[in-house]
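Observations on chain architecture
In case you want the letters, here they are:
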Amino acid sequence: MKLPVHDETPTTTPDKVEVVLAARDVTKSFGAVHALKGVNFDVHRGQVTTLFGENGAGKSTLMKILSGVHMPTTGELMLDGAPVEIRSTVEARELGISIIHQELSLAPNMNVRDNIFLGREIMGPRGVNFAEEERQCRILMEELEEDIDPLTPVEDLRLGQQQIVEIARALSVNSRILIMDEPTSALSAAEVDVLFKVIHDLKARGVSIVYISHHLEEALTITDHAVVLRDGVMTAYAPRAEIDLEWIVRNMVGENFDLGSPPTGYDFGDTALSIEGLSVPAPGGSGYSVVDRLSLNLRQGEIVCIYGLMGAGRTELMECVAGRLPASGGTVRLHGRDLAGMTIAQRIEAGLVLTPEDRQRDGLVQTMTVGQNLSLASIGAFTRRLLTSKADEQEIIERSIREVTIKTDGGGAAIGSLSGGNQQKVVIGKMLATKPSVVLLDEPSRGIDIGAKAEVFRLLSEGAKDGLAVVYSTSEVSECLSIAHRIIVMHKGKISATFGPDATKEQIMAASGEVDLQQSLTVAFGLDHCEVVTDLHQEDLALGPLGAAGGSFLASVIAKGKVGVIGVGHGRTLLSCVENLPPQSAPNLRVVSLMGALTTGADMNPHAVVTRLADKTGAEAASMPVPFIANSTADRDVLLGQKAAQRAADLAAQADLMIVGIGTTGAQAELVTTGMIEQAEMAGIAEAGGVGEMLGHFFDKRGKPVGSEITDRILTQPLDRLKGRRIVAVAGGEIKIHAIKAVLESGLLGGLIIDEHTARAIVDMDKPDTAQH
Amino acid sequence: MTDVTTNKKQGSGGLIASIFGENANLVQILLEGRAFFALIAIIIIFSILSPNYATVSNFLIMANHVAIFGLLSVGMMLVILNGGIDLSVGSVLGLTGVFAGFLMQGVELEAAGVILYPPVWAVVVLTLGLGAFVGAVNGVLVAYFRVPAFVATLGSLYVARGVALLMTNGLTFNNLSGNESLGNTGFDWLGFNRIGGVPIGVIILAVVAIAAGLLLSRTAFGRWLYSSGGNERAAELSGVPVKKVQITVYVLSGMCAAIAGLVLSSQLTSAGPTAGTTYELTAIAAVVVGGASLMGGRGTVRGTLLGAFVIGFLSDGLVIIGVSSYWQTVFTGAVIVLAVMLNSIQYGGKAKKG
């Protein structure tokens, strides 16, 4: 197994590297809540320190202290070894500390130049000196090796580029310490690469970086030090060389307060909620689905936990089922009744309720009392004819307060006087007061202390015993393994895995996509180029996106001008790549077909890849004008000896890059459908163990070449000439999963461009016993 | 992570504590009952400055003036509770008055060659309907087309005023007393009569205020209104039909403006198209002085009425002691600013919690 791609093992031992900013015994309390307890944190000059921790662990609070938003309750900050007080963000900036938040703070309606100099405009004799600002902007962009025109409106930039603008802004105020909060959450893989390159450059310039991320594997590739926070306490600190994924998870999640276990001793009832093929469109009409054809069944008395990262679609799923968001496909049935077209009020009436994620924004009416909040969803229950009954309402309120154990100064207390945990209980109590049969809870334990969490889970557990069907979502792994009978992991709108209560935390986190697909494939198969293309939810063959990705890869290779000869295979996928190639002029390029390509089928022209590529680039084309398979081994040798074939073979031997497709060994394989090989012959190869094909060579599932009488007759580059060459395959699609894996196992591939769906299937194939939904 | 504080201060002890509760203190009491205390202060001050002020007949006359603004304010309060605003009520008052006048003059149907003289009860019903209609248009614009309330009702303000001017050609309908033979007398009953010495207008205000109070405190709708004004998203997720509530409050505001239009034009027995110009601002002032929050979710009928009386008694008081009407405008403005500042002190502290 080769080393991972971004290998940045520090060359100096961390202890010797200077500490530029340190937090010493920092404590931060907000009233009765202790967000940070005696934390020690070092930022080393010119290095990346990553801060790991679950939600609520205190990461943001610590960052806010470092960047001047808060002041520590006790403890001190040391800058360059001397104690310092940072009383505001302005002071922090002046000291050289900048923070780039997860939600970027750029003004979208203004251009890049104005954003970078926002608040610090360079004044000239006649007002703002735009020319000077522009000049400085260009210098910054050059330093960051980014090609962004200062006059571009920020809203026209991709998210990754916007982030670069924020970094440029931080640099323009001479920041020495850059804090980046979840910078990669919303970036594409390519943008992440750019960001990491920029971080690398920043380090070289002596900028120190504090990095916060939930994407553990990704963070591991960039970090020099790791610090783990849990419940406001620093549980571990170590340099990169001493840590791995398991270390991080162990320290993040640790031994926990017992949040209970799945309630037992009763049978589940009938199916309460049935979701089939539900899709929810993303806001803004981008056409993309934030919940993608998801199906789920829930029975009375059952507790299901949904785990997933931000953007996985958990909240949208719940809000759609509750009636807040419209669906673009699929059905939701409550006790067999289709909920389509029902308003939120009607669904509550029917017994389906939702407690939202953000209790301040969506859960509580701050102007009303505790009692009024509790009774808000049950108004019908205490209204007789036209008038409400105070007595009835009071009964409902008191019962709620008792059952949900809310600590309050009576029902008449202002809602703001309650602690976070009790406020959450009010939101839950409000919904439970409607006597529902299905309860959806979006992150019910968010922002509440451990004691209140345990009480909430106890409440849900008791409810389930009484027949309540419960679905709760969480972004903390330990909460999955408490009262849930079933754990569902969502990733990009789909269910990526289902587990029982005996799952491990690593399994759950892996299924959520916290593990990078590209990373996994690269590491597992020793690739030096891997690109996983979002398949845009096309299930059989993501031809469009694959073709686009392949085309741009080819284009970038050709543009660099370092290749003289490119060898190509054939097939639909490669043809699509070439069709997607933006027109380029490369007259010195030579392209050659790597295998015999004469065929009986007149309509499909396997030469097409070579000739199209030559047309588009003005390159010189050479094909191998011999059949794919000969009648006998002797015939093969003769045919390969022909001048034209020899020339092609010699040219292929000089190829700097070979770009190929991967085929299956079934009757639907392109080789068969285009008439290059007969079905019977293909069947023979399959019988001999052949699972995947590349450039006319067949491999079994363990990656070993399959040799048979049939394969000996194939006219193509010999295997020994392929070893050690730069071969990049473009392939995807559900039917090719095994074929691609087989070729990957052979070790011949240096690069792979594949679609997400197939990539995931291949990665999952290696995992032991993952119950697929 | 909220600061768990409660507004517990040491009670001033004794009498105040026993009336206002254990933890009251003077500042708190003054703040919460400020409209009431302001009214008392105004009455006392003007009674001292003019012997004519503190007489029953004067109070009733002043109350009659207040009735118009009070009616507008009650409707405005409902809209403000929802977090919106209705700038069109002054124009609707004028429009509905003109419409009533138009009906009373006799509707000429050329095609059939007759002139319809609807009886007074029909005029009232139709006029209320017009007020409701304008309110409905406002409501739909705000609720479904997401037009900001300020803009939607500003538009209605102009349109309604324009229609009123078109209907009268800028003139005034004068003949509103009706004719025995036509069966449409009684219009002036609203304006001139008294029951038990109390002007009808004041009684109507009382009835509308009591109805509104009941609506807010004892019906589901009232709960819906307070919750959607306090936090629309939370209310919606709790099953409150927020859009219906939004449209309804504008309809009710329009109807209150129509009632006010009827009362005013019957008081004057004439309906002019410019009636009610700038009245909406006074209505908003009354609501604000009464302690409602412009963000929505907070306010009571009692407070709004007190606010209307404060402004009305203040203005009339200034007239009685002979202060120029220009000073009235300054005073009214100062009172409003003071009221809003006090509102933000009262609610600003609470808003930071939670």
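About the thresholds
Residues numbered from 1 in each chain as written. Chains lettered and ligands numbered in written order. Predicted model: local features only at pLDDT ≥ 70, side-chain atom pairs only at ≥ 80, totals over all residues. Heavy atoms only, no water. Helix = DSSP H or I, 4+ residues; strand = E, 2+ residues; numbered from the N terminus. Buried < 20%, exposed > 50% of the residue type's maximum accessible area, 1.4 Å probe, protein only. Contact = heavy atoms within 4.5 Å. Areas by Shrake-Rupley, 256 points an atom, 1.4 Å probe, with all protein chains shown as cover. Salt bridge = Lys/Arg side-chain N within 4 Å of Asp/Glu carboxyl O. Polar contact = N/O pair within 3.5 Å; in protein donor to acceptor, adjacent residues only side chain to side chain. Phe/Tyr/Trp six-rings, centres within 6.5 Å; stacked < 30°, edge-to-face > 60°. Lys NZ or Arg CZ within 6 Å of the ring centre and 35° of its normal. Pairing = 2+ DSSP bridges. Axes fitted to C-alpha atoms, helices over the stretch in contact; angles between N-to-C directions. Bend = angle between axes of the 7 residues up to and from the residue. Parallel < 35°, antiparallel > 145°, perpendicular 65-115°, else oblique. Left-handed = near helix turned anticlockwise from the far one by under 90°. Nonpolar A, V, L, I, M, F, W, Y, C, P; charged D, E, K, R; others polar.

A closer look at the overall build of chain A
Helix and strand content of chain A: 28 helices and 34 strands. Looking at chain A as a whole, 56% of its 773 residues are labelled buried. Expressed as a percentage of contacts within chain A between residues at least 6 apart in sequence, the contacts between residues at least 24 apart total 71%. Split by element, the accessible area of chain A, about 32,000 Å² in all, is 51% carbon and sulfur.

A few points about the interface of chain B and chain A
Counting from both sides, the interface comprises 30 residues of chain B and, opposite them, 41 residues of chain A. Put simply, chain B and chain A have three salt bridges between them. Close ionic contact of E393 of chain A with R223 of chain B constitutes a salt bridge, the shortest N to O distance being 2.6 Å. Across the chain B-chain A interface, the total number found is seven residue pairs in polar contact (both at pLDDT 80 or more). Every element with two or more residues in the side of chain B that touches chain A is listed here: α9 (200-218), α10 (220-230) and α11 (232-237) of chain B.

Things to note about the packing of aromatic side chains
Residue and element names in this part refer to chain B. Enumeration according to the criterion identifies 11 aromatic pairs over all chains in this entry. With a centroid separation of 5.6 Å and an interplanar angle of 10 degrees, the aromatic rings of F59 and F313 are classed as stacked. On the criterion of sequence distance, the pair formed by F59 in helix α4 (residues 56-81) and F313 in helix α14 (residues 301-320) is long-range, its members being 254 residues apart. Taking the relative accessible area as the measure of exposure, F59 reaches 26% and is therefore partly exposed. Three or more aromatic residues joined by ring pairs make a cluster, and in this case those are F46, Y53, F59, F309 and F313. Positioned over the ring face of Y144 is K243, at 5.7 Å from the centre of the ring.

Considerations on the sheet that holds strand β12 (residues 233-239) of chain A
Residues and elements named next belong to chain A. Strand order in the open sheet formed by six strands is β6-β9-β10-β3-β11-β12, with mixed pairing between adjacent strands. Two strands lie at the open edges of the sheet, namely β6 (97-100) and β12, each paired on one side alone. Averaged over neighbouring strand pairs, the angle between their axes works out to 15 degrees when direction is ignored. As judged from the four bridges shared by strand β3 (residues 48-52) and strand β11 (residues 225-230), these two strands associate in the parallel manner. The residue of β11 that forms the bridge with L51 is V227. Along the sheet face, helix α1 (residues 59-66) touches β3, β6, β9 (177-181), β10 (208-212) and β11 and points at about 140 degrees away from the line of β3.

Examining α4 of chain B
Residue and element names in this part refer to chain B. In α4, a bend of some 35 degrees at A67 exceeds every other bend along the element. Here α4 lies mainly inside the structure; 19 of its 26 residues are buried. Within two residues after α4, G83 carries a phi angle of roughly 90 degrees, on the positive side.

Re the packing of helix α6 (residues 120-143) of chain B against helix α7 (residues 149-168) of chain B
Residues and elements named next belong to chain B. Running from N to C, α6 and α7 point in directions that differ by 150 degrees, and their axes come no closer than 9 Å. Of the possible angle classes, the one that applies to α6 and α7 is roughly antiparallel. Of the two possible hands of crossing, α6 and α7 adopt the one that is right-handed. Within the contact between the two elements, α6 uses N138, L141 and V142 and α7 uses A149, A152, T153 and S156. Classifying every residue of the contact of α6 with α7 gives four nonpolar, three polar and no charged.

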